[in-house]
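For reference, the chains in residue letters:
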Amino acid sequence: MTPTRPETALQSEAETKITASDTALHRDMANAIRFLSADAVQKANSGHPGMPMGMADAATVLFTRFLKFDPKAPDWPDRDRFVLSAGHGSMLLYSLLYLTGYEDMDIEQLKNFRQLGSRTAGHPEYGHAAGIETTTGPLGQGLANAVGMALAERLLNARFGDGAVDHFTYVLAGDGCLMEGISHEAVSLAGHLRLSRLIVLWDDNSICIDGPTDKTVSDDQPARFRASGWDVQSIDGHDADAITRAIEAARASPTPSLIGCRTVIGYGAPNKAGTAATHGAPLGDDEIAGAREALGWDSGPFDVPDGVLGQWRQAGHAGAAQRRDWEARIQALDEARRAEFERTQAGDLPDGWLEAVDAHKARVAGEAPPWATRKASGEALEVLTAAIPEMIGGSADLTGSVNTMTSRTEAITADDYSGRYLHYGVREHAMAAVMNGIALHGGFIPYAGTFLVFVDYMKAAMRLSALMGLRVIYVLTHDSIGLGEDGPTHQAVETLAGLRALPNFRLFRPCDGVETAECWALALANRDGPSGLVLTRQGVAAQRTEPDDENLSARGAYVLAEADGERAATVLATGSEVGVAMEGRALLQADGIPTAVVSMPCWELFDAEDEDYRRRVLGPGTVRVAVEAAVSLGWERYLGSGGSFVGMTGFGASAPAPALFEHFGITAEAVAGAVRKQLG
């Protein structure tokens, strides 16, 4: 097997770590993890002690002999990433962070495991404490995040070289992670891209909550990974030397690696080891006492002998020299490259990008093209990807439909990581989770597209985007019955309501080319959470035809067309139905009913506006009608008790789009009729 780096480089890096070759020392260091974990779960009367006890040996080898990290600089860009995909075993990670000397993970945090206000949540939560690289718990998500991290490492390396970017991503995954469907998508993609810096330690303990895994699964996991192009090893997960040899081999592999660590869940527990009883419940005082006796651990709860803690702290300090060497290499870069590296790591957008958006808006307003908003999005992306080189695009085998590839985004391949566009294939769930990993890694802004209805495949990962506050942009096209003949299987009538219910997620549904450009600008400027751009398949009339440097969409909703005369009615709409609202307004104005149309591209931004602005836009004392080709859930808070809704009440149908809008009564005449009915 040909190493990806010279063997001497691998050895010199390993030599900076504690070797812990003494069997007794390794045992004591691993036991520190075991008993901190068991004691914390016992004190909380809640948690999962089995996995930390079973994987303590592998974690000890990884953190003392291989992992490149510095607790004093936990966000050092060239650190190795450690992802605990089996997030239920969170005390393994918290114990490691305490033992290696992360300042915000003291012993009191371990004693307050799973308590309100502690950093030690039931499952690791990104942002709660340094050293937590991603939020895990929903099984398989961490593994897929790690694929994104490993990909981002290769992309950055292609741009800045080995001196600036040269690190590994390690994953601890359990049987449940590998059962989840997302793992199949992520593993396949990682193998296809030959992400050789990705190493997965599989806790092969053959136990799940219901009991032995042979109740539920008979997969040959090593064969599965080999079939996806991975290097695979199977070892005794309690043999420190075997673990060391396996990781050394994996680091030299030209492909991603799986190391199957055959372990005993709840290792050391005299009666419960190897059973589901250790998986998700405290061991009990008597069982912990028996484990202490069996493993020769004389210290009391939360007490780590000074010698053992000192060895762990030495392991934590070992990375400081590597970090300083890296800092020197960064300083040696030429000024422009160093500035670009630091800018993208900080997440700052480049100078001039907003001016490029404004120039594009002016052109679109002047030309007033009747584009589908998916087309308008593609046109905006052509400008944005030229102005913002860290944008990394993609799609789930729908590039020509979602218009996410531009002339600036060449394909990323296993042979060329300099590209900016990833063909994810039909892997929507992994696509979303991989984008989370790219965003978590830093240096890039990921975006990718699929049809709106396929949000249901991605939702778990999208929820984690929001929970972690990641700048990930979802391009969601074919947004309604307007997609036409593909029918109700593809017509997402309920999905908008679900996404609007998701905290910290901004959903944008622009009405034309100008609003689409504005919504893209807002999504890119939002560093605190994900955004979804919901876009039409069908063409729509241009509504904004006057140049305007102000981003009107930034307030979430605005009066697109004020009433001619004292306002009697207000019609609220999003996306393609803004055009329907404008046609309805024309009918009402012709009848002498002064009517305003409010475009509402982003409810979340509108809700954040002050009450006075919201009242003025909604038109106090006026009749209100909302029109949207989706179900009504959520509109009631804008319509009030007397308002009415024109939209969908059930699933769609297969037919040309104009026929469907007529059939389901989403028309200008229906809007005007709803206003007249309220006016009596």
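As the structure is a prediction and not an experimental result, all values here were calculated from the model.

Moving on, we come to the overall build of the chain. In terms of regular secondary structure, the chain is built from 27 helices and 18 strands. On C-alpha atoms alone, the chain measures out to a radius of gyration of 28 Å, which is about the 26 Å that the 2.2 N^0.38 rule sets for 680 residues. Summarising its shape, the C-alpha atoms of the chain cover approximately 90 × 55 × 45 Å along the three principal directions. At a minimum sequence separation of 6, the contacts of the chain that also span at least 24 residues come to 78%. Accessible surface, the chain: about 24100 Å² in total, of which carbon and sulfur atoms supply 49%. Across the chain, the mean location of the 58 positive side-chain charges is 1 Å away from that of the 89 negative side-chain charges.

Moving on: the packing of aromatic side chains. Taken as a whole and judged by the stated rule, the model has 20 aromatic pairs. Residues phenylalanine 160 and phenylalanine 341 carry aromatic rings whose centres are separated by 5.1 Å and whose planes lie at 80° to one another, so their mutual orientation is edge-to-face. Of the two residues, phenylalanine 160 is situated in helix α6 (residues 141-160) and phenylalanine 341 in helix α14 (residues 335-346); the sequence distance between them amounts to 181 residues. The same class applies to phenylalanine 160 as to phenylalanine 341, namely buried. Following the ring pairs from residue to residue traces out a cluster consisting of Trp603, Phe606, Tyr613, Trp635, Tyr638 and Phe645. A cation over a ring is seen here: arginine 197 above phenylalanine 168, with NZ or CZ 4.8 Å from the ring centre.

With that out of the way, let us pick up the sheet that holds strand β7 (residues 257-262). Taken together, the five strands give an open sheet; going across it, the order is β1-β2-β3-β7-β6, and neighbouring strands pair in parallel fashion. Of all strands in the sheet, those bounded by a partner on one side alone are β1 (81-84) and β6 (231-236). Going from strand to strand, the sheet's axes swing by 20° on average, the running direction of each strand aside. Of the strand pairs in this sheet, β1 and strand β2 (residues 169-174) are connected by four bridges, and their pairing is parallel. Of the residues in β2, the one forming a bridge with phenylalanine 82 is tyrosine 170. Running over the sheet, α6 touches β1, β2 and β3 (198-204) and is turned about 165° from β2. Contacts from helix α10 (residues 240-251) reach β2, β3, β6 and β7, with the element oriented near 175° to β6.

Going through the model one piece at a time under the given rule, you end up with 29 salt bridges. As a salt-bridge pair, glutamate 390 and arginine 343 come within 2.8 Å of each other at their nearest N and O atoms. Taken together, the positions of glutamate 390 in the loop between α16 (373-387) and β8 (391-395) and arginine 343 in helix α14 put the pair 47 residues apart, joining distant regions of the chain. Since its relative accessible area comes to 5%, glutamate 390 is described here as buried. Its salt-bridge partner being arginine 500, residue glutamate 628 comes within 2.9 Å of it at the nearest N-O pair. Taken together, the positions of glutamate 628 in strand β17 (residues 623-628) and arginine 500 in helix α20 (residues 495-500) put the pair 128 residues apart, joining distant regions of the chain. Note on glutamate 628: relative accessible area 0%, which makes it buried. Given a relative accessible area of 13%, arginine 500 falls into the buried group. Overlapping salt bridges bring together Asp479, Arg500, Arg509, Glu577 and Glu628 as one network.

Overall, the prediction assigns the chain a mean pLDDT of 96, with 97% of residues at 70 or greater. A low-confidence stretch, residues 1-16 (pLDDT under 50), is modelled with 30 contacts involving residues beyond four sequence positions or located in other chains.

This paragraph deals with the environment of aspartate 607. Looking at the secondary structure, you find aspartate 607 in helix α23 (residues 603-607). Judged by relative accessible area, which is 33%, aspartate 607 ranks as partly exposed. Once the C-alpha coordinates of aspartate 607 and arginine 555 are considered, the two residues, 52 residues apart in sequence, prove to be 8.8 Å apart. Beyond its immediate chain neighbours, meaning those up to four positions away, aspartate 607 contacts Arg614, Arg637 and Tyr638.

Attention shifts here to the environment of arginine 676. Checked against the element boundaries, arginine 676 lands in helix α27 (residues 668-679). For arginine 676, a relative accessible area of 34% corresponds to the partly exposed category. The spatial distance from the C-alpha of arginine 676 to the C-alpha of valine 623 is 9.1 Å, given a sequence separation of 53 residues. If we ignore the near neighbours within four places in the chain, the residues touching arginine 676 are Leu587, Leu588, Asp591 and Ile593. In this structure the side chain of arginine 676 is engaged in a polar contact, spanning 2.6 Å, whose partner is the side chain of aspartate 591.

Rules behind the numbers
Positions within a chain are numbered from 1, following the residues in the order the chain's sequence is written. Thresholds applied to this predicted model are a pLDDT of at least 70 for local features of residues and 80 or more for the giving and counting of side-chain atom pairs; totals over whole chains, interfaces and linings are not thresholded and use all residues. Think of the side-chain values as coming from all heavy atoms in the structure, minus any hydrogens and water. The secondary structure listing takes helices from DSSP runs of H or I that are at least 4 residues long and strands from runs of E that are at least 2 residues long, numbered from the N terminus. With the radius of gyration taken over C-alpha atoms, the globule rule is written as 2.2 Å times the number of residues to the power 0.38. Contacts: residue pairs with any heavy atoms within 4.5 Å of one another. The Shrake-Rupley method, run with a 1.4 Å probe sphere, supplies the accessible areas, and residue values consider only the shown protein chains as cover. Counted as positive: Lys and Arg. Counted as negative: Asp and Glu, with His and the chain ends omitted from the count. To locate a charge, take NZ of a lysine, CZ of an arginine, CG of an aspartate or CD of a glutamate. Between the rings of Phe, Tyr and Trp (Trp by its six-membered ring), a pair exists once the centres lie within 6.5 Å; its type follows the angle of the planes, with under 30 degrees stacked, over 60 edge-to-face, and the other angles tilted. For every residue, the accessible area (1.4 Å probe, protein chains only) is compared with the maximum for its type, and the residue is labelled buried under 20%, exposed over 50%, or partly exposed between those bounds. Cation placement over rings: the criterion is NZ of Lys or CZ of Arg within 6 Å of the ring centroid and within 35° of the ring normal. Paired strands, as defined in this entry, are two strands with at least two bridges between them according to DSSP. Only the stretch in contact is used when fitting a helix axis, every axis being a line fitted to C-alpha atoms; angles between N-to-C directions are given from 0 to 180 degrees. Within this document, salt bridges are pairs made up of a side-chain nitrogen of Lys or Arg and a carboxyl oxygen of Asp or Glu, the two lying within 4 Å of each other. Values of pLDDT, ranging from 0 to 100, describe the predictor's confidence in every residue of the model. Here a polar contact means two N or O atoms within 3.5 Å. Within protein one must be a hydrogen donor candidate and the other an acceptor candidate, and residues neighboring in sequence count only if both atoms are side-chain atoms.

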